Amino acid sequence: MSFELSMPDLAKHKIKKVLLQYWGYPEFRALQEEIILSVMSGKDTLALLPTGGGKSVCFQVPALAMEGICIVVSPLIALMKDQVFQLKRRQISAAAIYSGMSKKEIDITLDNCIYGNVKFLYVSPERLKTDLFLARMEKMKVSMLAIDEAHCISQWGYDFRPPYLEIASLRELLPGVPCIALTATATEAVKVDIQEKLNFQNGQVFQKSFARSNLSYSVFYEESKEKRLVEMLEKVPGTAVVYVRNRKRTKSIAEFLQSRRISASFYHAGLSNDQRAKRQEDWINNKTRVMVATNAFGMGIDKPDVRLVVHMDLPDSLEAYYQEAGRAGRDEKIAYATVLYNQSDTEGLLRNVETSFPAPETIKRVYQSLANFFKIASGSGFMESYDFELEHFAQSYKLEGIQAFYALKKLEELGFIEMNDAFHSSSKIAFLVDKGEIYSFQVANRMFDPLIKAVLRIYGGEIVGNFMNIKESLIAEKMKKQVGEIIQQLEALHDRGVIHYEKQNDKPKVTFLTERYNAEVLPLKASFLEERKQHYLAKVKSVIGYIEAKEQCRTKLLLAYFGEFTNEKCGVCDDCIRLKKEDKFEKWEGPALDDMILEKLEGKKALPFEEMKAGLKHVGDGQLKEMLREMVERGEIKLDESGLISLSE
């Protein structure tokens, strides 16, 4: 007997094969398969999955199962670089284009997407309107369009990026190509806006609950936050992230923790590329326990075993808080998200609303000063990038640093410029000739032969026709030469057209996204700015409302903010715990719950929370977690650093 699989069954078989081949997983997580099949059937798809819910798999798997290249629009350079790196680690060909790259590098990358085997092209949204990109895209076989951090397209979102609005015109050039939009956070208004702005046709929406049953949310009013932080770190074993608002505090708090013999480091966008990479790697590999960071840290980092996230300063929105707090407990084991605040924090948050929205006259003055700073004539400067130091710029034109910063941010929001905060680029090279020509050059130019051999040996054949990051110091070490000599030879090869060589640039950059306007007629859209200010104020008030809420379940508050309503309390937030201490929480009515837990653990080494929960289906998450806490306190069971539950010895 023979039979044929139906088209849906064939698609399911194919995507499971891709998942196993490249990720090593035999099964998808909740909703992933449905989302993938939706976009593979040609439907525009909006996927809302909580932080750590596996969003990238939802577009990477179908793209690998389809013919052609997937164009991914992503707002952050660090996120693009990380995803390209992760794909290459899985032997998947991927590339990225973003502000700050040279025209030559962009040119070669786009050619590889047309004539090579690149499966994923990551682009920043401002690239979508350039003639070079559009002309090359028409020659690509595009299989699908993926919009990461899709909330950025909505002015009702918490991180609106005007260049995202260019995506609609891009879709007109890709008829029949399905679009998948992905985000972890979106209110009802934002969900509608995303679909409208992306011109969804025959669209489908998939949303996993915003509830995180393993995550305990708490808010504590504290005058001495540092003391409370140490207490929490002593009580909760395992890896932690501590979020603060400015760079200076990352260092001071990390040093404070170190003085208390707690392994800690700090991270912000102002560190060098090597420093950030090393600190991130040490934290991921558990060489550092606590990372004290600004919100520049965490995006795109997949570390499942974070047990504690603490906000020492208040975030600007509940969307941002939910994403940052959600970096705890991605392994679905018990974890904690805590906000520490005092009166000055709420006052400062409200003051920041005014500071963040300079007057139109101030914005025009800063724009004019910026054009003068780079000597850009009216009508020129389109898509040009310049090295930029805010402090030097502000001093040169007698501007207040904070005022200049927020004026530049508003110019960025309105789509006039893009700032890459302390954008660090490694040195990079690409061979511009093929392997046969390289060999001929080596024979004819013996002095360059050792360098070319060393570069090819260290970085492999992929560097022929592709840009790769290099370290001159590593090449010098392998060749037992001085770094300066290596740089001179690389520059000489560049001048001879054998390679394209770009030296490391450690300065932040600013890119003009439009031709330079006369500042007097700069179209600022005052009504839009005022609307944005009121929208920002509403979000700030939502944060204050969340932290000041009394006698309300934290999880229910967050769910309601995102339009998800439930009568069940989480049982593990600070308010639910308070109710339990006052003996006012709903009680489990049935067999003795502690006996049931002990019975499940009998004869087993340890169980994760989800497995424990699966065997006690009629017990609420909150009730189960509270009983586990009580049993830990009584010494009947124990929780290890990874959240596994076992019998006490």
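Since the model is a prediction, treat every value here as computed from it, not as a measurement.

## Some thoughts on unusual backbone geometry
Here Leu-31, not a glycine, exhibits a phi torsion of approximately 75°, which is positive. When you line up the elements, Leu-31 lands in the loop between helix H1 (7-23) and helix H2 (32-40). Here the phi dihedral of Met-383 falls at roughly 60°; this positive angle occurs in a residue that is not glycine. Judged by its relative accessible area of 13%, Met-383 falls in the buried class.

## As for helix H11 (residues 273-284)
In a regular helix each residue adds 1.5 Å, so twelve residues correspond to 16 Å; H11 covers 16 Å between its end C-alpha atoms and thus fits that length. Along H11, the residues classified as buried are Arg-276, Arg-279, Asp-282 and Trp-283. Viewed end-on, H11 has its buried residues packed into an arc of 135°, placing them on one side of the element. Looking at the buried positions of H11, the neighbouring elements they touch are strand S9 (239-243), strand S10 (264-267), strand S11 (290-293) and strand S12 (306-311). Backbone geometry just after H11 places Asn-286 at a positive phi near 65°.

## A few points about the environment of Tyr-322
Looking at the element boundaries, Tyr-322 is found in helix H12 (residues 318-325). Residue Tyr-322 is classed as buried on the basis of its relative accessible area of 2%. Separated by 14 residues in sequence, Tyr-322 and Leu-308 place their C-alpha atoms 14 Å apart. Leave out the neighbours within four places in its chain, and Tyr-322 touches Pro-50, Thr-51, Ala-184, Thr-185, Phe-210, Arg-212, Tyr-217 and Phe-562.

## Considering the sheet that holds strand S13 (residues 335-341)
Pairing between the strands of a sheet comes from backbone hydrogen bonds, and it takes one of two forms, parallel or antiparallel. Taken together, six strands build an open sheet; the order of strands is S8-S13-S12-S9-S11-S10 and the sheet is parallel. Only two strands of the sheet have a single neighbouring strand rather than two, namely strand S8 (215-221) and S10. Neighbour-to-neighbour, the strand axes of the sheet open up by a mean angle of 20°, direction not taken into account. Examined bridge by bridge, S10 and S11 share four bridges and lie parallel to one another.

## What to know about the confidence of the model for the protein
For residues with low pLDDT, the predicted coordinates do not support detailed interpretation. Looking at the protein as a whole, its pLDDT mean stands at 86, while 94% of the residues score no less than 70. Note that residues 1-5 has pLDDT below 50 and, in this model, one contact with residues that lie over four places away or in other chains.

## Some details on the packing of H2 against helix H3 (residues 55-65)
Relative orientation of the contacting elements H2 and H3 amounts to 45°, with a least axis distance of 9 Å. Comparing the axis directions of H2 and H3 gives the class oblique. In this structure, H2 meets H3 at a crossing whose hand is right-handed. Contacts between H2 and H3 involve Gln-32, Ile-35, Ile-36, Val-39 and Met-40 from the former and Val-57, Cys-58, Val-61, Pro-62 and Ala-65 from the latter. For the contact of H2 with H3, a count of residues per class yields nine nonpolar, one polar and no charged.

## Considerations on the packing of aromatic side chains
Tallied over the full model, the rule gives 25 aromatic pairs. For the pair Tyr-367 and Phe-416, a centre-to-centre distance of 6.2 Å together with 65° between the ring planes defines the contact as edge-to-face. Linking Tyr-367 in helix H14 (residues 360-373) with Phe-416 in the loop between helix H16 (401-413) and strand S15 (417-420), this pair joins segments that are 49 residues apart in sequence. Each member of the pair, Tyr-367 together with Phe-416, is buried. With 4.5 Å between their ring centres and 20° between their planes, Phe-374 and Tyr-386 make a pair best called stacked. Here Phe-374, found in the loop between H14 and strand S14 (385-387), pairs with Tyr-386, found in strand S14; they are twelve residues apart in sequence, far enough to count as distant. Taken individually, Phe-374 and Tyr-386 each receive the classification buried, so the pair is uniform in this respect. Put simply, the rings of Tyr-367, Phe-373, Phe-374, Tyr-386, Phe-388, Phe-393, Tyr-397, Phe-416, Phe-512 and Tyr-517 touch in pairs and so form one group of aromatic residues. A cation over a ring is seen here: Arg-228 above Phe-220, with NZ or CZ 4.0 Å from the ring centre. Taking NZ or CZ as reference, Lys-303 lies 5.5 Å from the ring centre of Trp-283, over its face.

## Some remarks on the sheet that holds strand S17 (residues 468-470)
Read from one edge to the other, the open sheet built from three strands follows the order S17-S16-S18, with strand pairing classed as antiparallel. Here the strands that pair on one side only, and so sit at the sheet edges, are S17 and strand S18 (499-502). Neighbour to neighbour, the strand axes of the sheet diverge by 30° on average, direction disregarded. In the sheet, strand S16 (residues 427-431) pairs with S18 via four bridges, with the strands oriented antiparallel. Looking across to S18, one finds that Ala-430 is bridged to His-500. Those strands touched by helix H18 (residues 449-459) are S16 and S17, and its axis lies near 105° from that of S16.

Scoring rules and cut-offs
Residues numbered from 1 in each chain as written. Predicted model: local features only at pLDDT ≥ 70, side-chain atom pairs only at ≥ 80, totals over all residues. Heavy atoms only, no water. Helix = DSSP H or I, 4+ residues; strand = E, 2+ residues; numbered from the N terminus. Buried < 20%, exposed > 50% of the residue type's maximum accessible area, 1.4 Å probe, protein only. Expected span 1.5 Å × (residues − 1). Arc of directions from axis to C-beta. Contact = heavy atoms within 4.5 Å. Pairing = 2+ DSSP bridges. Axes fitted to C-alpha atoms, helices over the stretch in contact; angles between N-to-C directions. pLDDT = per-residue confidence, 0-100. Parallel < 35°, antiparallel > 145°, perpendicular 65-115°, else oblique. Left-handed = near helix turned anticlockwise from the far one by under 90°. Nonpolar A, V, L, I, M, F, W, Y, C, P; charged D, E, K, R; others polar. Phe/Tyr/Trp six-rings, centres within 6.5 Å; stacked < 30°, edge-to-face > 60°. Lys NZ or Arg CZ within 6 Å of the ring centre and 35° of its normal.

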